[in-house]
Amino acid sequence: MVFATVGEVRAVVHTSTLKDEDILGIINDISKEILVRAGTTDESNPLLISAGKNAIYAAVLRRMKLTGELAARVKHGSGEQQNDINQEIRYYEDNSNRYLRKYLYSANTRLYGRVGLGSVNHKI
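Criteria and thresholds
Residues numbered from 1 in each chain as written. Predicted model: local features only at pLDDT ≥ 70, side-chain atom pairs only at ≥ 80, totals over all residues. Heavy atoms only, no water. Salt bridge = Lys/Arg side-chain N within 4 Å of Asp/Glu carboxyl O. Helix = DSSP H or I, 4+ residues; strand = E, 2+ residues; numbered from the N terminus. Buried < 20%, exposed > 50% of the residue type's maximum accessible area, 1.4 Å probe, protein only. Phe/Tyr/Trp six-rings, centres within 6.5 Å; stacked < 30°, edge-to-face > 60°. Lys NZ or Arg CZ within 6 Å of the ring centre and 35° of its normal. Expected span 1.5 Å × (residues − 1). Contact = heavy atoms within 4.5 Å. Polar contact = N/O pair within 3.5 Å; in protein donor to acceptor, adjacent residues only side chain to side chain.

Student: I'd love a proper account of the pattern of salt bridges, names of residues and values included.
Tutor: Side chains that differ in sign of charge can pair as their charged atoms come close. In total, this model carries four salt bridges according to the counting rule given. When the shortest N-O distance is used, the salt bridge between Lys53 and Glu8 registers 3.6 Å. Taken together, the residues Lys53 in helix H3 (residues 46-67) and Glu8 in helix H1 (residues 6-12) connect sequence positions 45 residues apart. Between Arg37 and Glu33 there is a salt bridge, with its nearest N and O atoms 3.9 Å apart. Pair noted here: Arg37 and Glu33 are both in helix H2 (residues 20-38), with a separation of four residues, about one helical turn. The partly exposed category is assigned to Arg37, whose relative accessible area is 39%.

Student: Hey, could you go over the packing of aromatic side chains for me, with residue numbers and the actual values?
Tutor: Summed over all chains, the structure comprises two aromatic pairs. Relative to Tyr92, the ring of Tyr57 has its centre 5.3 Å away and its plane inclined at 70°; by these criteria the two rings are edge-to-face. Pair noted here: Tyr57 is in helix H3 and Tyr92 is in helix H4 (residues 86-108), with a separation of 35 residues, a long-range link. Between Tyr91 and Tyr92 the ring centres are 5.2 Å apart and the planes differ by 65°, which places this aromatic pair in the edge-to-face class. Put simply, the rings of Tyr57, Tyr91 and Tyr92 touch in pairs and so form one group of aromatic residues. Positioned above the aromatic ring of Tyr99 is the side chain of Arg98, whose terminal nitrogen or guanidinium carbon lies 4.8 Å from the ring centre.

Student: So, H3: which residues are in play, and what are the values?
Tutor: Across its 22 residues, H3 extends 32 Å between first and last C-alpha, which sits within 8% of the 32 Å expected from 1.5 Å per residue. Every buried residue of H3 is accounted for by Leu48, Ala51, Gly52, Asn54, Ala55, Ile56, Tyr57, Ala58, Ala59, Val60, Leu61 and Met64. Looking at the packing, one finds that the buried side of H3 touches H1, H2 and H4. The N-cap residue of H3 is Asn45: its side-chain oxygen and the backbone nitrogen of Leu47 are 2.8 Å apart. After H3 finishes, the residue Gly68 shows a positive phi value of roughly 100°.

What follows is the structure, given as structure tokens:
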């Protein structure tokens, strides 16, 4: 299973240069990476799904930046367009890490204690 579909990614990140196969490859790679980082095979956890989706959005934006679709400067005739996509990439990466930390914290939380009348400081 993967954490997002190509349609879900295209709904958030609009790209004209990446094909569906490219996006699907990114989805598969990032989904595996998130599961390895979480140390689990549980693909149904909502926190992992959110972490995966945000990491996928960031990875697609990075690929778009590398292919030139979101280059730092794009010339249009006599005009020029500035793109600062790093802030958006950082936003999705931070969200992914936040959800992953929440998952790891919830998976590793254990409660210890003794319950019952006279159980504390009681000699057996």
